[in-house]
Amino acid sequence: MNEIDEEGVKDDHHITSIIEDHERICWGCGLRLLLATDSPVFKCGWCGAISTQIRIRKPDSACFSRWRRTRDRFFVAILLLFMSFVICAGVWAVYPTVFSISYFCGIFHSSITAILSLITISSFCLAAFKSAGAPVSVTWGSYPVVGKNGLENFTFCTYCEKPKPPRAHHCRSCRMCILDMDHHCPFIGNCVGAANHRHFIIFLISIVIGCFYAVMMCSYTVFHVWPPQLESSASTDTSAVSRMLKEVLTGIASSVLLLSVRGLVLLYLSFACLSVDIGITVLLWQQLYYIYEGKTYIAHISSQNSGNGGCQNILRFFNCPYWAFRFFLIPTNTAKFQESSSKFL
Ligand SMILES: [Zn+2]
Ligand SMILES: [Zn+2]
Ligand SMILES: [Zn+2]
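> How would you summarise the coordination of the zinc ion (ligand 2) if you had to cite specific residues and measurements?
Here the zinc ion (ligand 2) is held by the protein donor atoms Cys-157 (SG), Cys-160 (SG), His-170 (ND1) and Cys-177 (SG), which lie 2.1 to 2.3 Å from it. What the four donor atoms of the zinc ion (ligand 2) show is an angle range of 100 to 124 degrees at the metal, which sorts the shape as tetrahedral. Each donor residue of the zinc ion (ligand 2) belongs to the same chain, and together they define the spacing C-x2-C-x9-H-x6-C. Placement of the pair is Cys-157 in strand 5 (residues 155–157) and His-170 in strand 7 (residues 168–171), with a sequence separation of 13 residues.

> Outline the environment of Ser-123, listing residues and values.
Tracing the backbone shows Ser-123 in helix 4 (residues 103–129). Assessed through its relative accessible area of 4%, Ser-123 is described here as buried. Apart from the residues within four sequence positions on either side, Ser-123 is in contact with His-199, Ile-202, Phe-203 and Ser-206. A distance of 3.0 Å separates a polar side-chain atom of Ser-123 from the backbone oxygen of Thr-120.

> Which residues make up the coordination of the zinc ion (ligand 3), and what are the values?
Looking at the zinc ion (ligand 3), the protein donor atoms are Cys-171 (SG), Cys-174 (SG), His-184 (ND1) and Cys-191 (SG), and they sit 2.1 to 2.3 Å from it. Bound by four donor atoms, the zinc ion (ligand 3) shows angles of 99 to 118 degrees at the metal and therefore tetrahedral coordination geometry. The sequence motif formed by the donor residues of the zinc ion (ligand 3) is C-x2-C-x9-H-x6-C. Taking relative accessible area as the criterion, His-184 reaches 17% and is therefore assigned buried.

> Describe the confidence of the model for the protein, and please don't skip the residues or the numbers.
Low pLDDT means the predicted coordinates in that region are not meant to be read closely. Per-residue pLDDT for the protein has a mean of 78; in total, 74% of the residues score no lower than 70. Considering each helix and strand of the protein separately, the mean pLDDT is smallest for helix 1 (residues 2–6), with a value of 36, and largest for helix 4, with 93. pLDDT under 50 marks residues 1–19. Its contacts with residues more than four places away, or in other chains, come to twelve contacts. Residue range residues 298–302 is modelled with pLDDT below 50. Its contacts to residues more than four positions away, or to other chains, number 15 contacts.

> I'd like a description of the nonpolar core, backed by residues and values.
The biggest cluster of nonpolar side chains holds 38 residues, and the ones touching the most others in it are Val-94, Phe-124, Ile-188, Phe-200 and Phe-203. Contributing elements (two or more residues each) for this core: helix 3 (62–101), helix 4, helix 5 (197–225) and helix 8 (261–293). Ranked by residue count, the leading element in this core is helix 5, at 13 residues. Each residue touching Phe-203, except ones within four places of it in the same chain, is listed here: Leu-79, Met-83, Thr-120, Ser-123 and Phe-124. Ranked by size, the runner-up nonpolar core spans 13 residues in total, among them Trp-27, Cys-29, Leu-33 and Phe-156.

Procedures and definitions
Residues numbered from 1 in each chain as written. Chains lettered and ligands numbered in written order. Predicted model: local features only at pLDDT ≥ 70, side-chain atom pairs only at ≥ 80, totals over all residues. Heavy atoms only, no water. Donors = N, O, S within 2.8 Å, 3.2 Å for Na, K, Ca; no water. Tetrahedral: all angles 85-135°; square planar, octahedral: opposite > 155°, others 65-115°. Helix = DSSP H or I, 4+ residues; strand = E, 2+ residues; numbered from the N terminus. Buried < 20%, exposed > 50% of the residue type's maximum accessible area, 1.4 Å probe, protein only. Contact = heavy atoms within 4.5 Å. Polar contact = N/O pair within 3.5 Å; in protein donor to acceptor, adjacent residues only side chain to side chain. pLDDT = per-residue confidence, 0-100. Core = buried A, V, L, I, M, F, W, Y, C linked by side-chain atoms within 4.5 Å.

If you want it as structure tokens, here you go:
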């Protein structure tokens, strides 16, 4: 518009051509918009939809989509098998020793294993098989139907060819837009988004605790089973030659025990669980840091805090009750707390 005012001396025909050049149609409400400049990005003053240079992308090839689906299903199957193996093999290899100590000890550790297994598998299933957060369908395309600010800050997804809400992203593996998308995780075969992010974090926490518990129990069983045999065999000998012979035989027997199925299972579980624990702890720490910072995901967190970090983001993420905010937040955060907690009341 400014350009037209400054160049008012030009003839009407030339002005008309400039207007036509800067005329665009809003994809959200279908109104014809007159722009001041020839900007490729503009926002509709009526419905609030943001338009960019829209070019409809070609859908992914069937081969590409099939490869991604197969990869996701493969990883999900591997992870389910691994979790089942750790639980079943761990119980088989460790629990005879645990129950040999005392009946109460066996029941106590059985309860811990059952609780950890239940939380891990249920949170995995919720994270993997629950929708990560599909946007609600909105009416768009015609002016009388789309109301004022009806598509505020919506953009147009050129894959789905549908309106895309703010902070939503399109995932080519899931072939849909995901609200507050964090990332697509091949190990759960699903996106991590607004609807399943909490289940994903609970799954990571339960994996970290479960693997640490498995490493502790396997290590305890290994040290509980083998050393007494060495001591008992060595303590009964008197002569040096027979003691040395007995130690050699005991060493061979210990090696055979270590190479037994139970010994191999215990060793494998110890190293596998330790490796998984280290890797998942790093991932969990990164995820919790993002939650603390209130960025990259969960629309209401980032919008309410304007990118400010703080413990209130963690509490809000886990849907903690009001008293938790009063209890955990330090006095220096009082102002921030009052601002955020008022939205919970
Ligand atoms: Zn519009
Ligand atoms: Zn999309
Ligand atoms: Zn996805």
